[in-house]
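Chain by chain, the residues run as shown.
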Amino acid sequence: MGESHNIPAVLLAGGLGTRLRPLTDSIPKALAPIGDTPLLGIWLSLLSKAGVGPMVVNLHHHADAVRTFLHEGGWHQNVTASFEKELLGTGGTLLHHREMLQHGPFLAIHADNFSMFDVKEFITAHHNRPAGTMITMMTFTTPTPSSCGIVELDARGVVVAFHEKKQNPPGDLANGAVYVMEPEILDTLDECGAEFPDISMDVIPRYLDKIYTYHNDCYHRDIGTMESYAQAQRDLVGLIEEGVLRQYME
């Protein structure tokens, strides 16, 4: 398989961010600033540097603010903003953009995480995945396993069990909700029968033994709570001092 990194990406950014209120009363979660940069801007810089494209961002909560951000930052030339009057579900958003995604592997990203990693290396890992696997999932080590989707792997690094937000799960290796997927995933979503198909609910359980993993040992944090968001701000200082942002974004 080739090693082109010019693949499409869908950034799932339409969530309400209810656990980040009152911050998300006035801005969408995707525009929550990490230092001086909105979270979505970090993702777009990370992906653009790796040559990923075309890109789509789904909009719902405070959609106009996201449109303004994309336009003022010049992103609107390379990024399509896709408004969902009613959220379609993470899988539903992928299906909505099927025409763009059906020709080869694509990235599906929950853009409410603050993540630093080598995007090219991640895509290359998918190209070199074990035979029979259709998805490559980013994993990370979490300090709070019961609040995450915990995975168990075989010797090849393939997911053999998945524990979604369960008390005392086996281990601390978590799903980072960043994926490279093959187009056949779209058929699975189309045929699953859900009104608002969801990646975690309607894809992951059906693909045990078919999901390869790529471990992010650089940085990954769900900023879904004010406590975690505050920790991300503190962590940013170290990432800047270590040159991580410069390495992956600039």
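Residues numbered from 1 in each chain as written. Predicted model: local features only at pLDDT ≥ 70, side-chain atom pairs only at ≥ 80, totals over all residues. Heavy atoms only, no water.

J.: Whenever I open this one, the overall build of the protein chain confuses me. Can you help?
T.: Scanning the protein chain for helices and strands turns up 10 helices and 13 strands. By the compact-globule yardstick of 18 Å for 250 residues, the protein chain fits well, its C-alpha radius of gyration being 17 Å. On the principal axes, the C-alpha backbone points of the protein chain span a range of 45 × 40 × 35 Å. Residues classed as buried in the protein chain amount to 54% of the 250 residues present. Across the protein chain, every contact between residues at least 6 apart in sequence was considered, and the portion connecting residues at least 24 apart equals 75%. Entry remark: accessible area of the protein chain is about 11,300 Å², with carbon and sulfur atoms responsible for 49%. When the 17 positive and 31 negative side-chain charges of the protein chain are each reduced to one mean point, those points stand 1 Å apart. (Helix = DSSP H or I, 4+ residues; strand = E, 2+ residues; numbered from the N terminus. Rg over C-alpha atoms; globule rule 2.2 N^0.38 Å. Buried < 20%, exposed > 50% of the residue type's maximum accessible area, 1.4 Å probe, protein only. Contact = heavy atoms within 4.5 Å. Areas by Shrake-Rupley, 256 points an atom, 1.4 Å probe, with all protein chains shown as cover. Lys, Arg positive; Asp, Glu negative; His and termini not counted. Charge placed at Lys NZ, Arg CZ, Asp CG, Glu CD.)

J.: Would you take a moment to explain the pattern of salt bridges for this structure?
T.: It is possible for side chains of opposite charge to pair when their charged atoms get near one another. For the structure shown, the criterion picks out 8 salt bridges. Ionic pairing is found between Lys29 and Asp112, a salt bridge with its closest N-O pair at 3.3 Å. With Lys29 in the loop between helix 1 (23–26) and strand 2 (33–34) and Asp112 in the loop between strand 6 (106–110) and strand 7 (113–116), the pair connects residues that are 83 residues apart, well separated along the chain. Relative accessible area serves as the criterion here: at 9%, Lys29 is assigned to the buried category. (Salt bridge = Lys/Arg side-chain N within 4 Å of Asp/Glu carboxyl O.)

J.: Explanation requested: the pairing of strand 6 in the structure shown.
T.: Put simply, side chains in a regular strand alternate between the two faces of the sheet. By the criterion of burial, strand 6 is predominantly enclosed, with 5 of the 5 residues buried. Residues Phe106, Ala108 and His110 of strand 6 are buried on one face, and the alternating residues Leu107 and Ile109, pointing to the opposite face, are buried as well. Both strand 6 and strand 11 (residues 173–181) contribute to a ladder of 4 bridges, which runs antiparallel. Residue pairing across strands places Ile109 opposite Val178, the latter belonging to strand 11. (Pairing = 2+ DSSP bridges.)

J.: Sorry, what's going on with the side chain of Asn113 here?
T.: Looking at where Asn113 falls in the secondary structure, it is placed in strand 7. Reaching out from Asn113, the side chain makes a polar contact with the backbone oxygen of His110 at a distance of 3.3 Å. A polar atom in the side chain of Asn113 sits 3.3 Å from the backbone oxygen of Gly176. (Polar contact = N/O pair within 3.5 Å; in protein donor to acceptor, adjacent residues only side chain to side chain.)

J.: Could you clarify how one ought to interpret the nonpolar core in this entry?
T.: In globular proteins that are soluble, nonpolar side chains generally tend to be buried together. If you look at the biggest cluster of nonpolar residues, it comprises 52 residues, and the most contacted ones within it are Leu11, Leu40, Leu107, Phe114 and Met116. At 7 residues, helix 2 (residues 39–49) tops the list of elements feeding residues into this core. If we ignore the near neighbours within four places in the chain, the residues touching Phe114 are Ile34, Leu39, Ile42, Tyr219, His220, Arg221, Ile223, Ala232, Leu236 and Leu239. Core analysis: the second largest hydrophobic core is formed by 22 residues, Phe162, Tyr179, Ile185 and Tyr207 among them. (Core = buried A, V, L, I, M, F, W, Y, C linked by side-chain atoms within 4.5 Å.)

That's the geometry; what it means functionally is another story.
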